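# Observations on the model geometry
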Amino acid sequence: MKPAPLDHAAPTTVGEAVALLNDPEREAVALAGGQSLMPMLNLRLARPDLLVDLTRIEGLDHIRESGGWIEMGAMATKRAVERSSLVRERQPMWHEATLQIGHPQIRNRGTVGGSMAQADPAAEYPAAAVALGGEVKAVGPSGERTIPATEFFLGYLTTALAPGEILTEVRVPVLPPGRGWAFREVCRRHGDFAMAGTAVTVDLDASGRCTATRIALFGVGPVPSRAVEAEKIVDGEAPGEEVFERAGRAAAGAIDEPLADVHASADYRRNLAAVLTGRALAQAVTRAARPEGS
Amino acid sequence: MIGERRIRVSVNGTVYEVGVEPRTTLVDFIRGDLGLTGTHVGCEHGVCGACTVLVDGLAVRSCLMLAVQADGSEITTVEGLEGPEGELHPIQEAFREEHGLQCGFCTPGFLMATYEMLTDDPKPDEDEIMEVLGGQLCRCTGYQGIRRAVDSAIDKLGGTPPADVFGAGDPGEPDDPDADAVGAAPTGEGSHG
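Only a predicted model underlies this, so the values are computations on that prediction, with no experimental measurement involved.

### As for the domain arrangement of chain A
If you check the domain split of chain A, you get domain 1 (7-56), domain 2 (63-173) and domain 3 (180-287). The C-alpha centroid of domain 3 of chain A is placed 36 Å from the C-alpha centroid of domain 1 of chain A.

What follows is the structure, given as structure tokens:
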């Protein structure tokens, strides 16, 4: 078994890659780390004419801090992110999410940009980006633009990237001092895609009440999504089991139509979302601290 | 049909300059074109890990890479583990002694994943070991023997990097890639432009 006949190009600049992707004569797709696209090619679920291989483009694999953001080039591998002390110290949720992705043998090639552009509903990075207020940069024939993560995921495996656009960078804010966070998921085996998961951040105000709560659910719907009603339940309340459970139920209740497949039924996924969200809120609060001087 | 591309790769220290069709996966190239059938091909979509090889020192699924992507790379397969006299590598000895294999289908993948892990860290902790072994599937032995084999390999190596067991130098790193060790693949050589 191998992919249907295809051509392969390995441009060395983003400009060349964009030009190749916009070839009107051929159906071209971008190849990043290949850990999702290659299976689709091998199974012949995807049959492009041309693979535009991004692995030889210089300068797309940075991991750096700049202006309050952790900026990661689209071709930075998950292994590089996992081993980055900058990410671990400055944005620990992103580090934790990385550890939940596949196995080292997959993370050695899988990339930050690939995960975001693939937009699997159960993937970790998209959910973390939505929870953290991340952004992606994309370059196309008409130049570069920045897209908030909350507007990037449009549907199952579908993003706001236009045909012929390449995702070049993913950035997430540095974790502010005192902000609590948690990233939890349930899957049959460690390294699998999640049946359900949740990414949570929460602040405490001077009186110790929750504020600025953000909850993103994944694996339960076509895209990672904010649980806005649940966030409102938590904000302004003192941390406590009852309020977190109530928020978890609200988050689960707001899921339109949970995914149902061989791995988990819709009801089970909804239940997982409720329980995980409650637990994640409780865990996040343990990592939060009131503002200094309060 | 798409014409072949010339690639130059070092596999276990032998440099090959050959033509490959762009759609050829790295594992098919290793097995079919180079005849190195020690690397096994199982699920062909990245789940089982039987095809794990080292590409520039990193353990990767060779079914999830195209051979053309390996152009310029140094690859180590299970055939690259043996010593100059054909003796087993300590990691292989450990798997044999601890019953870390039964049918052996998954074994090359486990060996290469273990090799990478012990190159990175000669004394991995339990979490690290389970994380790496979790990326490889075995359908017959069960994992206890494999788990013991990793402990045994750690002991046998005693901190020596896996590449240095038979003297200096990684088997995947020839002293001079431009030297005389240019091999020709038995098939797929020069039939297209």
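Following the structure, the description resumes.
### A few points about the domain arrangement of chain B
When the parts of a complex come together, some accessible area is lost, and that lost area is often used as the size of the interface. All names here are of chain B. Taken as a whole, chain B is organised into domain 1 (5-82 + 170-183) and domain 2 (90-164). Computed from C-alpha coordinates alone, the two centres of domain 1 and domain 2 are separated by 21 Å. For the side of domain 1 that touches domain 2, the secondary-structure elements that each account for two or more residues are strand E3 (52-55) and strand E4 (58-61). Considered class by class, the residues forming the side of domain 1 that touches domain 2 number 11 nonpolar, six polar and one charged.

### Considerations on the nonpolar core
Residue and element names in this part refer to chain A. Core analysis: the biggest nonpolar cluster contains 139 residues, and Val52, Ala128, Val200, Ala251 and Leu281 have the highest contact counts within it. Considering every element that reaches this core, the biggest residue donor is helix H12 (residues 266-287), with nine residues. In contact with Ala128, not counting residues within four places along its chain, are Met93, Trp94, Ala97, Phe183 and Ala199.

### Here we look at the interface of chain B and chain A
The partner chain A presents 24 residues to the 27 residues of chain B that form the contact. The element contributing the most residues to the side of chain B that touches chain A is E4 of chain B, with four residues. Partitioning the side of chain B that touches chain A into residue classes produces 13 nonpolar, nine polar and five charged.

### Here we look at the sheet that holds strand E4 (residues 63-66) of chain A
All names here are of chain A. An order of E4-E5-E10-E6-E7 is seen for the five strands of this open sheet, with the pairing classed as antiparallel. Every interior strand has two partners, whereas the edge strands, E4 and strand E7 (143-148), have only one. Shown here is a sheet whose adjacent strand axes are inclined to one another by a mean of 25°, direction ignored. Where strand E6 (residues 135-140) lies against E7, six bridges are found, and the strand directions are antiparallel. When the bridges of E7 are listed, Val139 appears paired with Glu144. In the packing of helix H1 (residues 14-21) onto the sheet, the strands contacted are E6 and strand E10 (166-173), and the crossing angle to E10 comes to about 125°.

Calculation rules
Residues numbered from 1 in each chain as written. Chains lettered and ligands numbered in written order. Predicted model: local features only at pLDDT ≥ 70, side-chain atom pairs only at ≥ 80, totals over all residues. Domains from an automatic or database assignment. Helix = DSSP H or I, 4+ residues; strand = E, 2+ residues; numbered from the N terminus. Nonpolar A, V, L, I, M, F, W, Y, C, P; charged D, E, K, R; others polar. Core = buried A, V, L, I, M, F, W, Y, C linked by C-beta atoms within 7 Å. Buried ≥ 20, exposed ≤ 12 C-beta atoms within 10 Å, placed from the backbone. Contact = placed C-beta atoms within 7 Å. Pairing = 2+ DSSP bridges. Axes fitted to C-alpha atoms, helices over the stretch in contact; angles between N-to-C directions.

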